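For reference, the chains in residue letters:
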Amino acid sequence: MGLIGEVLLLPFAPVRGSAWAIRQVLREAERIYYDPATVRAELARLEEQLEAGEITEEEFDRREDELLDRLETALSSGTTTGNGT
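None of the values given here were measured: they were computed from a predicted structure.

Peer 1: What is the right way to look at the nonpolar core in this model?
Peer 2: Nonpolar side chains in soluble globular proteins tend to be buried together. Membership of the largest hydrophobic core is limited to seven residues, which are Val39, Leu43, Leu46, Ile55, Phe60, Leu67 and Leu71. Of all the secondary-structure elements, those providing two or more residues to this core are helix H3 (36-51) and helix H4 (57-77). When near neighbours in sequence (up to four residues on either side) are disregarded, Ile55 contacts Leu46, Gln49, Leu50, Phe60 and Arg63.

As structure tokens, then:
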């Protein structure tokens, strides 16, 4: 894009900057969401809730399946850090 195009798009610079920032936040949120260490910690908390009687066996099974699906997705993608942050 030439100089004229850049000048014409200059009023949209804040929008482009905001879109970039939103993409960065989403990328980081997904990284944390699919981090194997995070998923394993959530599985441990879920088991503690079951043992304490805070959730039913059915609720435990449903949420455990969701967490295991997340873990499988994270491990198959291979793009996680595995440090829980």
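Peer 1: What's the story with the packing of H3 against H4 in this structure? I'm lost.
Peer 2: Packed helix pairs are characterised by how far apart their axes lie and by the angle those axes make with each other. Following both chains from N to C, one finds H3 and H4 inclined at 170°, their axes separated by 9 Å at the closest point. Between H3 and H4, the crossing angle belongs to the class labelled roughly antiparallel. In this structure, H3 contributes Pro36, Thr38, Val39, Arg40, Glu42, Leu43, Leu46, Glu47, Gln49 and Leu50 to the contact, and H4 contributes Glu57, Phe60, Arg63, Glu64, Leu67, Leu68, Arg70, Leu71, Ala74 and Leu75. Tallied by class, the residues present in the contact of H3 with H4 amount to 11 nonpolar, two polar and seven charged.

Peer 1: Just to check I follow, could you spell out the side chain of Arg70 for this structure?
Peer 2: Note that Arg70 resides in helix H4. Other than its neighbours up to four places away in sequence, Arg70 contacts Tyr33, Tyr34, Thr38, Val39 and Glu42.

Thresholds, definitions, all that
- Residues numbered from 1 in each chain as written.
- Predicted model: local features only at pLDDT ≥ 70, side-chain atom pairs only at ≥ 80, totals over all residues.
- Heavy atoms only, no water.
- Core = buried A, V, L, I, M, F, W, Y, C linked by side-chain atoms within 4.5 Å.
- Buried < 20%, exposed > 50% of the residue type's maximum accessible area, 1.4 Å probe, protein only.
- Helix = DSSP H or I, 4+ residues; strand = E, 2+ residues; numbered from the N terminus.
- Contact = heavy atoms within 4.5 Å.
- Axes fitted to C-alpha atoms, helices over the stretch in contact; angles between N-to-C directions.
- Parallel < 35°, antiparallel > 145°, perpendicular 65-115°, else oblique.
- Nonpolar A, V, L, I, M, F, W, Y, C, P; charged D, E, K, R; others polar.

By themselves, these observations are geometric and do not establish any function.
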